[in-house]
Amino acid sequence: MTAAMPKNLKQDDRAQLQAKLESGLDEMGITLLPEQKKKLLDYVALIYKWNQVHNLTAVREPIEMVTLHILDSLSVLAHIECKRLLDVGAGAGLPSIPLAICLPGLQVTAIDAVQKKVSFMRQVKAELGLTNFTVIHGRIEEQAVPSKEMPEMFDVIISRAFSEIALFIKLTKHLLVDGGSWLAMKGVIPEHEFKKSSIQPTEIRPLKVAGLDAERHLVVLKQNK
């Protein structure tokens, strides 16, 4: 049993989670190193452990976390082609922590305004040794570049459940490089958000999440050069 596994998550539970993760990755065509898979499972165990006290996420069962947190986050893996990524309103570190685990060459920064979620992400960074992962506590609109925590602007800014697209762009525009991209992870295509704001996406890409019978889309918007 690994050090990160809480006592109330037994070895047979771990095997079940591993099988779920392995089959999901295979179905989605994602190849990872054994160490990366182990870190993803340790991350699930840490969410489960903290959730007992801090209510980090609404998903309570570890087996559901594999699908709804890990595989859902990794559905964007093939669409990440950059050096510096910012995850806004990261919560428990979704999708930033799975991306940092699976893309060690990517510099990932996560920001959230809720202290307990930031404390959790810092704990994950320490326990899993994620040297390419930075955590910031604060409001996104109050951040500035260059600063100690944000020395450079970002190539990609992503959000999974932060806000409507117009607000997402408005609050983060000052942190995105010219020619950079916003990636908004959504369920059904949010036509009402486009109509309301007159924002036209550059591209909408369907996402596949193994084990999830629900629509998922990635809304891509480009920053004008």
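These numbers were taken from a predicted model, which means no experiment stands behind them. (Residues numbered from 1 in each chain as written. Predicted model: local features only at pLDDT ≥ 70, side-chain atom pairs only at ≥ 80, totals over all residues. Heavy atoms only, no water.)

*Asks:* I keep staring at the packing of helix 1 (residues 11–28) against helix 3 (residues 62–74) and nothing clicks. Help me out?
*Replies:* In a packed pair of helices, the relevant descriptors are the angle between the two axes and the axis-to-axis distance. Here helix 1 crosses helix 3 at 30°, and the two axes come no closer than 10 Å. Classified by the angle between their axes, helix 1 and helix 3 sit roughly parallel to one another. Here helix 1 and helix 3 pass one another in a crossing that is right-handed. Contacts between helix 1 and helix 3 involve Gln16, Leu17, Lys20, Leu21, Gly24, Leu25 and Met28 on the former and, on the latter, Pro62, Ile63, Val66, Thr67, Ile70, Leu71 and Leu74. (Axes fitted to C-alpha atoms, helices over the stretch in contact; angles between N-to-C directions. Helix = DSSP H or I, 4+ residues; strand = E, 2+ residues; numbered from the N terminus. Parallel < 35°, antiparallel > 145°, perpendicular 65-115°, else oblique. Left-handed = near helix turned anticlockwise from the far one by under 90°. Contact = heavy atoms within 4.5 Å.)

*Asks:* What's the story with the nonpolar core in this structure? I'm lost.
*Replies:* Buried together is how nonpolar side chains tend to be arranged in soluble globular proteins. Among the nonpolar cores identified, the biggest contains 55 residues, and Tyr43, Leu74, Phe120 and Phe133 are the most heavily contacted of them. The leading source of residues in this core is helix 2 (residues 34–54), at 9 residues. Apart from the residues lying within four places of it in its own chain, the contact partners of phenylalanine 133 are Ser96, Ile97, Ala100, Val108, Ala110, Met121 and Lys125. With 20 residues, the next largest nonpolar core counts Val88, Phe168, Leu171 and Trp182 among its residues. (Core = buried A, V, L, I, M, F, W, Y, C linked by side-chain atoms within 4.5 Å. Buried < 20%, exposed > 50% of the residue type's maximum accessible area, 1.4 Å probe, protein only.)

*Asks:* Explain the pattern of salt bridges here, please?
*Replies:* When their charged atoms lie close together, side chains carrying opposite charge are able to pair. What the rule picks out here adds up to 10 salt bridges. With a closest N to O distance of 2.9 Å, arginine 14 and aspartate 42 form a salt bridge. On the criterion of sequence distance, the pair formed by arginine 14 in helix 1 and aspartate 42 in helix 2 is long-range, its members being 28 residues apart. We note that arginine 14, like aspartate 42, is buried. Note that lysine 37 is salt-bridged to glutamate 22, the shortest N-O span being 3.0 Å. Of this pair, lysine 37 sits in helix 2 while glutamate 22 is found in helix 1, placing the two residues 15 residues apart along the sequence. The class of glutamate 22 is partly exposed, set by a relative accessible area of 25%. Salt bridges here are not isolated pairs; linked through shared partners, they connect Arg14, Lys38 and Asp42. (Salt bridge = Lys/Arg side-chain N within 4 Å of Asp/Glu carboxyl O.)

*Asks:* Any chance you could explain unusual backbone geometry here in plain terms?
*Replies:* Excluding glycine, a negative phi dihedral is what most residues carry, and trans is how most peptide bonds are arranged. Looking along the chain, the bond that leaves leucine 94 and enters proline 95 is cis, with omega of 10°. When you line up the elements, proline 95 lands in the loop between strand 1 (84–88) and helix 4 (96–102). For the bond running from valine 145 to proline 146, omega is 0°, close enough to zero to count as cis. Tracing the sequence through the fold places proline 146 in the loop between strand 3 (133–137) and strand 4 (154–159). With a phi angle near 55°, asparagine 55 is a residue other than glycine that sits in the positive phi range. Summarising the element assignment, asparagine 55 is placed in the loop between helix 2 and helix 3. In this structure, serine 198 takes a positive phi of about 65° despite not being glycine. Inspection of the secondary structure assignment puts serine 198 in the loop between helix 7 (191–197) and strand 6 (203–206).

*Asks:* Can you help me understand helix 1 in this one?
*Replies:* Counting along an α-helix, one turn takes 3.6 residues, and residues three or four places apart therefore face a common direction. Taking 1.5 Å as the rise per residue, helix 1 with 18 residues should run 26 Å; its terminal C-alpha atoms sit 26 Å apart, in good agreement. When helix 1 is considered as a whole, its buried residues turn out to be Arg14, Leu17, Leu21, Gly24, Leu25 and Met28. Each buried residue of helix 1 lies within a common arc of 100° when the element is viewed along its axis, so the set occupies one face. Opposite the buried face of helix 1, at more than 90 degrees from it, the exposed residues are Asp12 and Asp26. Tucked inside the fold, the buried residues of helix 1 contact helix 2 and helix 3. Looking one or two places after helix 1, you find glycine 29, whose phi comes out positive at around 70°. (Expected span 1.5 Å × (residues − 1). Arc of directions from axis to C-beta.)

*Asks:* For this particular structure, what's the right way to read the packing of aromatic side chains?
*Replies:* How two aromatic rings sit relative to each other is set out by the distance from centre to centre and by the angle between their planes. The final tally for this structure, using the stated rule, is 3 aromatic pairs. When the centroid spacing of 5.2 Å and the interplanar angle of 65° are considered together, the rings of tryptophan 50 and phenylalanine 120 count as edge-to-face. Here tryptophan 50, found in helix 2, pairs with phenylalanine 120, found in helix 5 (residues 115–128); they are 70 residues apart in sequence, far enough to count as distant. Each member of the pair, tryptophan 50 as well as phenylalanine 120, carries the same accessibility label: buried. Pairwise contacts between aromatic rings join Tyr43, Trp50 and Phe120 into one cluster. Cation over ring: arginine 84 sits above phenylalanine 154, and NZ or CZ is 4.8 Å from the ring centre. (Phe/Tyr/Trp six-rings, centres within 6.5 Å; stacked < 30°, edge-to-face > 60°. Lys NZ or Arg CZ within 6 Å of the ring centre and 35° of its normal.)

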